[in-house]
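Here are the chains, one letter per residue:
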Amino acid sequence: GNFLMSRGEKCIAEAFNGQLKQLRGRFFVVIRILVDGEGGIYACRDVLAAAGIIVEPVGRGMHVPAVEIRNKIIKQIFRSVLHSLPYKLPKFLYKYLVFFSISRINMYPVSSRADPTPARELFTGRKIDYKRDVRIGFGEYVQIDAYPNPRNDATKSRTVGALALDPRGNLHGSVRFYVLGTEKKRVTIVTRDSWVKMVMTPEIIDYINDISKLNES
């Protein structure tokens, strides 16, 4: 997933184009988009019209009901996960919790459809597999292969501690991880297909809490 850097027309248009490419790559045809009063989105109507898509704004001060409901559920998932963590999550990882929350809601059956097929299964064309798609929760502490690969250098560790972030949604069940200890220079986010779950010790909890404090100062 990508996070909007701004609500400007250019940024939103790029996000729309990215989503449309993904949908077309899965042979979905987008005919109509319902939008609320968000000016940046409505300003993209010419870009969307050029792609053969009709933009239909709702009334002034109104919102698209189906979208509003799902946004509320995403926020509920976000809050429940955030407050269930044994540490204070650094704010620079909030966007990954948003991505994780979206990935969870897309696994739920859609009540507005005649059949209960989840949006994820409709998009990917494959059934949700617990062992592949739900094998780790957000924020769990793990050990992953070191990055970059230390090869045969005996002076470098072969694994590093990391926190699980969001699933990548591929056939390998890949997950993004935040590598602990990289926040002092440049935060490192990596994708891995395998990992070893570790016990969340008091020392790790204190370390992450310290990162959060530094991030807020």
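Here goes a summary of the coordinates provided. Being a predicted model, the structure only gives us computed values, none of them experimental. Residues take numbers from 1 onward in each chain, read along the sequence in its written order. Where local features are concerned, this predicted model is filtered to residues with pLDDT of at least 70; where side-chain atom pairs are given and counted, the filter is 80 or more; whole-chain, interface and lining totals use all residues. The side-chain values count all of the structure's non-hydrogen atoms but skip hydrogen atoms and water molecules.

**Here's the deal with a nonpolar patch on the surface**
Here is the rule: Here the term patch refers to residues with relative accessible area over 30% and no salt bridge, with like charges joined within 9 Å and nonpolar side chains (Val, Leu, Ile, Met, Phe, Trp, Tyr) within 5 Å. All accessibility values rest on the Shrake-Rupley procedure with a 1.4 Å probe; residue burial counts only the protein chains present in the view. Counted as salt bridges are all cases of a side-chain nitrogen of Lys or Arg within 4 Å of a carboxyl oxygen of Asp or Glu. Helix and strand definitions here come from DSSP, where helices need a minimum of 4 consecutive H or I residues and strands a minimum of 2 consecutive E residues; each element is numbered from the N-terminal end. Summary of the burial criterion: residues with accessible area below 20% of their type's maximum are buried, those above 50% are exposed, and those between are partly exposed, where the area comes from a 1.4 Å probe applied to protein chains only.
A surface patch of nonpolar side chains, amounting to about 310 Å² of accessible area, comprises V29, I31 and I54. Along the chain, I54 falls in strand β2 (residues 54–57). I54 sits in the partly exposed class, given a relative accessible area of 42%.

**Focus: the environment of E140**
Rules: It only takes one pair of heavy atoms within 4.5 Å for two residues to be counted as in contact. Polar contact is the term for a pair of N or O atoms within 3.5 Å; when the atoms are in protein, one must be able to donate a hydrogen and the other to accept it, and sequence-neighboring residues count only if both atoms are side-chain atoms.
Structurally, E140 is set in the loop between α7 (130–133) and β3 (141–145). Sequence separation of E140 and M198 is 58 residues, and the distance between their C-alpha atoms is 8.1 Å. Beyond its immediate sequence surroundings of up to four residues, E140 is in contact with A162, L163, A164 and K197. At 2.7 Å, the side chain of E140 forms a polar contact with the backbone nitrogen of G137.

**Focus: the sheet that holds strand β7 (residues 196–197)**
Keep this limit in mind: When DSSP locates at least two bridges between a pair of strands, those strands are taken to pair. In this description, a line fitted to the C-alpha atoms serves as the axis of each element, helices being fitted only across the stretch in contact, and the angle between N-to-C directions of two axes falls anywhere from 0 to 180 degrees.
Taken together, the five strands give an open sheet; going across it, the order is β6-β5-β4-β3-β7, and neighbouring strands pair in antiparallel fashion. The strands lining the two open edges of the sheet, one partner per strand, are β6 (189–192) and β7. The pairing of strand β4 (residues 159–167) with strand β5 (residues 175–179) spans four bridges and is antiparallel. Following the sheet pairing, P167 is matched in β5 by V175. Sheet strands in contact with helix α5 (residues 94–105) are β4, β5 and β6, and its direction is about 50 degrees off that of β4.

**Some details on the nonpolar core**
For soluble globular proteins, nonpolar side chains are generally found buried alongside one another. As a reminder of what qualifies: We define the nonpolar core as a collection of buried residues of types Ala, Val, Leu, Ile, Met, Phe, Trp, Tyr and Cys that are connected through side-chain atoms lying within 4.5 Å of one another.
The biggest cluster of nonpolar side chains holds 24 residues, and the ones touching the most others in it are Y87, L89, L97, F138, L163, Y178 and L180. Broken down by secondary-structure element, the contributors of at least two residues to this core are α4 (65–84), α5, β4 and α8 (202–216). Discounting chain neighbours no more than four positions away, the residues touching Y178 are F92, L93, G161, A162, L163, L165, E183, V187, T188, I189 and I211.

**Here we look at unusual backbone geometry**
Although it is not a glycine, F27 sits at a positive phi angle of roughly 65 degrees. Taking relative accessible area as the criterion, F27 reaches 77% and is therefore assigned exposed.

**Points about the pairing of β4**
Burial analysis of β4 places seven of its nine residues in the buried class, the great majority of the element. Sheet topology note: the β3/β4 ladder contains five bridges and is antiparallel. Paired with Q143 across the strands is G161, a residue of β4.

**Considerations on the packing of aromatic side chains**
What counts is decided by this rule: Here is the rule: rings of Phe, Tyr and Trp (six-membered ring for Trp) pair when centre to centre is within 6.5 Å. Planes less than 30 degrees apart are stacked, more than 60 are edge-to-face, and the remainder are tilted. The rule for a charge over a ring is simple: NZ of Lys or CZ of Arg within 6 Å of the ring centre, and within 35 degrees of the ring normal.
Across all of its chains, the model carries six aromatic pairs by this definition. Here F92 and Y178 contribute two aromatic rings whose centre-to-centre distance is 5.5 Å and whose plane-to-plane angle is 75 degrees, an arrangement assigned as edge-to-face. Residue F92 is found in the loop between α4 and α5, and its partner Y178 is found in strand β5; the two are separated by 86 residues along the sequence. Of the residues examined, F92 reaches a relative accessible area of 24% and is grouped as partly exposed. With a relative accessible area of 1%, Y178 lands in the buried category. One cation-aromatic arrangement involves R26 over F123; the distance from NZ or CZ to the ring centre is 4.9 Å.

**Considering the pairing of β3**
Of all five residues in β3, four are buried, a share of seventy percent or more. The pairing of β3 with β7 spans two bridges and is antiparallel. Residue V142 lies in a different strand from β7, and its bridge partner there is K197.

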